[in-house]
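So you can see what is in the structure, the chains are spelled out below.
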Amino acid sequence: MGWMMWTPEVAAFFGCIALMLVVMTVLEIRWPTIERKGWLPIATTRGDRLFIGLLLAAYVNLAWVGLSAEEASVWPGFGASMLLLGLVMWKG
Amino acid sequence: MSKPVNQKALLLIVPMFVCVAFSAIMPLMTVVNYSVQDIISPTQHVFVGTEWFRMILNDPDLQDALVRQLVFSLCVLLIEIPLGVALALAMPAAGWRASATLVVVAMPLLIPWNVVGTVWQIFGRSDIGLGGYVLTQLGIDYNYTAHTRDAWLTVLVMDVWHWTPLVALLAYAGLRAIPDAFYQAAEIDGASRFAVFRYIELPKMRGVLMIAVLLRFMDSFMIYTEPFVLTGGGPGNATTFLSQYLTQKAVGQFDLGPAAAFSLIYFLIILLFCFILYNWMQRLGQGDGHA
Amino acid sequence: MRKSRVLPRAITLTLYVLFTLLPLYWMLAMSLRTNEETLGAFSFLPMAPTLDNYRVIFTDPSWYWGYLNSISYVLINTVLSVLVALPAAYAFSRYRFLGDKHLFFWLLTNRMTPPAVFLLPFFQLYSSIGLMDTYWAVALAHMVFNVPLAVWILEGFMSGVSREIDETAYIDGYSFPAFFIRIFLPLIKAGVGVTAFFCFMFSWVELLLARTLTSVNAKPIAAVMTRTVSAAGMDWGVLAAAGVLTLVPGALVIWFVRHYIAKGFAMGRV
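Along every chain, residues carry numbers that run from 1 in the direction the sequence is written. As they are written, the chains are lettered A onward and the ligands numbered 1 onward, keeping that order. Whole-chain, interface and lining totals are the exception, using all residues; otherwise, since this is a predicted model, local features are given only for residues with pLDDT of at least 70 and side-chain atom pairs are given and counted only at 80 or more. For side-chain calculations, the full set of non-hydrogen atoms in the structure is used, while hydrogens and water are omitted.

Bringing the overall build of chain A into the picture now. Think of it this way: any DSSP run of H or I at least four residues long counts as a helix, any run of E at least two long counts as a strand, and we number them from the N terminus. Secondary structure assignment for chain A yields 3 helices and 0 strands. Order of helices (α) and strands (β) in chain A, N terminus to C terminus: α-α-α. The size measure is the radius of gyration over C-alpha atoms, and the globule rule it meets is 2.2 Å times the number of residues to the 0.38 power. Scaling as 2.2 N^0.38, a compact globule of 92 residues should have a C-alpha radius of gyration of about 12 Å, whereas chain A reaches 16 Å, well beyond that. Projected onto its principal axes, the C-alpha positions of chain A cover 45 × 35 × 15 Å. Counting every position in chain A, which comprises 92 residues, the buried fraction comes to 32%. Partly exposed residues are those whose accessible area sits between 20% and 50% of the maximum for their type, while under 20% is buried and over 50% is exposed, using a 1.4 Å probe and protein chains only.

Moving on, we get to the side chain of B:Gln121. Turning to its location among the elements, B:Gln121 is positioned in helix 5 (residues 113-124). Any two residues having at least one pair of non-hydrogen atoms within 4.5 Å are treated as being in contact. Here B:Gln121 is in contact with B:Tyr144, B:Val229, B:Leu230 and C:Met234, once residues within four sequence places are set aside.

The next subject is helix 6 (residues 130-137) of chain B. Of the positions making up helix 6 of chain B, those classed as buried are B:Leu130, B:Gly131 and B:Gly132. Looking one or two residues past helix 6 of chain B, B:Gly139 carries a phi angle of roughly 90°, positive in sign.

Turning next to the pairing of strand 1 (residues 37-41) of chain B. In the sheet, strand 1 of chain B pairs with strand 2 (residues 44-47) of chain B via 4 bridges, with the strands oriented antiparallel. Considered in strand 2 of chain B, the bridge of B:Ile39 is made with B:His45. Strand pairing requires that DSSP identify at least two bridges connecting the strands.

Attention now goes to the packing of helix 7 (residues 148-176) of chain B against helix 9 (residues 193-221) of chain B. Residues and elements named next belong to chain B. A fitted line through C-alpha atoms represents every axis, and for helices the fit uses only the stretch in contact; the resulting angles, taken between N-to-C directions, go from 0 to 180 degrees. In contact at an axis separation of 8 Å, helix 7 and helix 9 are set at 150° when each is read in the N-to-C sense. The pairing of helix 7 with helix 9 is recorded here as roughly antiparallel in orientation. Of the two elements, helix 7 crosses helix 9, and the hand of that crossing is right-handed. Within the contact between the two elements, helix 7 uses Asp159, Trp163, Leu166, Val167, Leu170, Ala171, Gly174 and Leu175 and helix 9 uses Glu201, Met205, Val208, Ile211, Ala212, Leu215, Arg216 and Asp219. Convention used here: angles under 35 degrees read as roughly parallel, angles over 145 as roughly antiparallel, angles from 65 to 115 as roughly perpendicular, and any remaining angle as oblique. We call a crossing left-handed when the near helix sits turned anticlockwise from the far one by less than a right angle, and right-handed when that turn is clockwise.

The next point concerns the domain arrangement of chain A. All names here are of chain A. Looking at chain A, the domain boundaries give domain 1 (1-32) and domain 2 (35-92). Taking only C-alpha atoms into account, the centre of domain 1 sits 18 Å from that of domain 2. Carbon and sulfur atoms supply 76% of the area that domain 1 and domain 2 bury against each other, a total of about 480 Å² over both sides. Here the quantity called buried area is the accessible surface, traced with a 1.4 Å probe, that two parts lose on coming together, added over both. The largest per-residue losses of area from domain 1 upon contact with domain 2 belong to Met20, Met24 and Leu27, which jointly make up 73% of the total buried on that side. A pairing counts as a salt bridge when a side-chain nitrogen of Lys or Arg comes within 4 Å of a carboxyl oxygen of Asp or Glu. Connecting domain 1 to domain 2 are 1 salt bridge. Arginine 46 is the salt-bridge partner of glutamate 28, the closest N and O atoms lying 3.8 Å from each other. The term polar contact refers here to a pair of N or O atoms within 3.5 Å; inside protein, the definition further demands a hydrogen-donor-capable atom paired with an acceptor-capable atom, and it admits residues adjacent in sequence only when both atoms are side-chain atoms. Counting every contact that joins domain 1 to domain 2 gives 1 residue pair in polar contact (both at pLDDT 80 or more). An automatic or database domain assignment provides the domain bounds reported here.

All names here are of chain C. Within this structure's numbering, the places UniProt gives as "transmembrane region" (unreviewed entry) are residues 7-28, 71-92, 104-123, 135-158, 179-205 and 236-257. For residues 104-123, helix accounts for 90% and strand for 0%, while the C-alpha atoms at its two ends are 27 Å apart. As annotated, residues 179-205 comprises 96% helix and 0% strand, and the C-alpha atoms at either end are separated by 36 Å. UniProt positions are given in the numbering used here, feature names are shortened, and annotations may be inferred rather than shown by experiment.

Residue and element names in this part refer to chain A. According to UniProt, the feature "transmembrane region" (unreviewed entry) maps to residues 12-29, 50-67 and 73-90 in the numbering used here. A distance of 26 Å separates the end C-alpha atoms of residues 12-29, which is 100% helix and 0% strand. Along residues 73-90, the helical share is 89% and the strand share 0%, with 27 Å between the first and last C-alpha atoms.

Next up on the list: the packing of helix 3 (residues 60-90) of chain B against helix 9 of chain B. Residue and element names in this part refer to chain B. Helix 9 packs onto helix 3 with a crossing angle of 145° between their chain directions and a minimal axis gap of 9 Å. The chirality of how helix 3 crosses helix 9 is right-handed. Here helix 3 contributes Leu66, Gln69, Leu70, Phe72, Ser73, Val76, Leu77, Glu80, Ile81, Val85 and Leu89 to the contact with helix 9, which in turn contributes Arg193, Phe197, Glu201, Met205, Leu209, Ala212, Val213, Arg216, Phe217, Ser220 and Phe221. In this classification, the charged set is Asp, Glu, Lys and Arg, the nonpolar set is Ala, Val, Leu, Ile, Met, Phe, Trp, Tyr, Cys and Pro, and all remaining amino acids, among them Gly, are polar. Here the residues of the contact of helix 3 with helix 9 are counted per class, giving 15 nonpolar, 3 polar and 4 charged.

This paragraph deals with the interface of chain B and chain C. Facing the 102 residues of chain B at the interface are 96 residues of chain C. When chain B packs against chain C, close to 9,100 Å² is buried across both sides, 79% of that on carbon and sulfur atoms. In terms of surface lost to chain C, no three residues of chain B exceed B:Lys3, B:Leu110 and B:Ile128, which account for 8% of the buried area on that side. Counting the contacts that link chain B with chain C gives 1 salt bridge. Linking B:Asp219 and C:Arg111 is a salt bridge whose minimum nitrogen-to-oxygen distance equals 3.3 Å. Among the elements that line the side of chain B that touches chain C, the one with the most residues is helix 1 (residues 9-35) of chain B, at 20 residues. The class makeup of the residues in the side of chain B that touches chain C is 80 nonpolar, 16 polar and 6 charged.

Put into C-alpha cells, the structure is as follows:
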C-alpha cells in the first residue's frame, strides 16, 4: 500500500465517508426512507440528499479555497459546507 | 407492476462490484492522497494541505482550457445532434442498402482514436493531404498546424466525422421503433413532412436523443487522443482541452500533486453535470413511459 | 413515400457518405504509395501502387505483435466485462434492493470519468501488483468504462423479457444458475452480442490507458504507430498502412452485428 501514500488527514476523510455509508445502511434497514419533496427541485430519498449535500459541500470548499486569501484557514469554508450539508439532509 | 424487493440480489452484484471497485475506488483514494502532498520522490513526500487546489483554481491556463472545453462541447452538440438526426431520416429503412449504409456510416466509430487523428493529419496537410490540397488550390490560406482558426475547425470537423455516426445510429434506432400505422394515419390526414417529423418522429426519438446528448457531452468533455495526434494541442494552446492539459501536467511534467488536485476538480465538474443530466433524463423518461 | 422526398434524402446521404469515405480513401491511397510519390507531385490516384508498406508491417515482429497484443487485451476485456455484467444486470432489471439506484449511478460515473484522471494511480497500482506491461493491466483498466456500459445495455435487453418466464421456471424447479444459462441466456442472445460488440469497440479504440500501462510486451498497435516518426522524417506510407490495418477488425465485427447495432443503441435505460 506504500504507493497510495496515505496521509492521516485523507485517511480520516475516507473514514468519515465510510462511517456515513455504514450509518446510512443501518438507518435504511431500521427505518426505510420515504421519498419526499423539500426545497430541492427533485423528490429525494435520504441517500439522494446525502449525495447532493456532499457534492455541494465539495463545491463550497473549493470555492472557499479558490477565492480566499493566500494564508487563510480552510475551516470557515469547511464549516459553511457542513452547515449546508446539514440543511440539505434536514430540509432538502 | 413494480419489481419485488430482494436483498439477495446484492450477491449478483458482487463480482461486478469487485472488478470495478478494484480499478476505480483505490485509484480515486490515491488521487486524493496525492492531491494534498508535495511528492518529491516515491519515498519523500510532505503534506501541503490545500495548496495545490488553490494553485490550480487560480491557474489562468486551466481557466482558459475550461472555457475552450465548454465552447468545444457546445459546438459539438449543436452540430452533431441535428446532423445525426438528418442523416438518420435520410438512411434507407430496410434491405441491403440499409445494411451497407449502416456499415459505412458506423465505420469511423470503430477506428482507434489515434488513427482518427492520423487520418485527418494526413488528409488535412496542405502539401500531401487531399483536403488541405484542395482548399489551398481554391485559394484558401489553410494550414492547421500554424493558424489557430484552422486548427480549431479541423479538430471540430474531425469530431463531427468521428462521432456524428453515434447520434445517427441512435436516432435511426429510435425511428425504426415507430410502427408503420403512424405514418399511414398521417398520410390519410394529409400531414406535411414537417408535421410528421414534429409530431410523430421527434417525440418518439426523445429517449434515444437524450442518451445521444448525454454521451456526446461526456465524451467530448474528455476528448484527448484525437487532437493530441492531430495538433498536439497547438498552435500555442489553441486546441489544448482539459484532458490534454491534465496529461501534460501528470505525465509530461510529472507534477503529481497539482495533477491530482486538477483530476479531482475535473471529476467534480463531471459528477455535477452527470447528476443533473441523469436526473433530468429520468424525469423525462418517466413522463412518456419510455424506459 | 412520395417522389419529391426521395431526392433530397439521396443527396444528404451521398454527401455524408462521401464525407466519411474521402479521408479514409486518402489514407488507403497513401498506404499504396512510396514516400517519394507521396511527397512528390500531387495526384488523386496512386500512380504506381505498391504493397511494400504492408510488407514492412507483416515481416517486422514489433509491428505485427502490436496487432496481436491489442487483440489479446481487447478479447480478455470483452469476455470478463460481459461475464461480470450479466448477473449484475439481471439483479438491476429484476429486483429492488438496498442502494440499487445509487449503485447504478456510481457505475455510470465510472463511464463518465476521463481516463486521464486515473492515469497515474493506475500506473502505480498495476506496478505494485506486478501487472505492468501485461494484457491483464489494460484489460482490467478498460473494465472501468466497459462494465458500466455492459450493465447498462444488458439491463435494457433483460427488462424487455417478461418476468413471468423467470417465475414459471422457478416453479418448474429450475435452480437459478440452470435457469439463467439454459433458459434466460438464449432469450437475450442478441443483447449479449450487442454488448460484446460495444465492449470490443471501446477497448479497441482506446489509447491513452493502453499506452501508459504497457511498454514492450503488451504494447498496442496504436502505440507502435508512433514509431514512424524517425530522424529521417515521417514514414507516411507505413503509417497509413498501419492505420488501414487497424480498420479491419472493426469492419469485420460491425459486419457481423449489423442487424443488431441500431437495436443495441435503442436499448438501455436512463
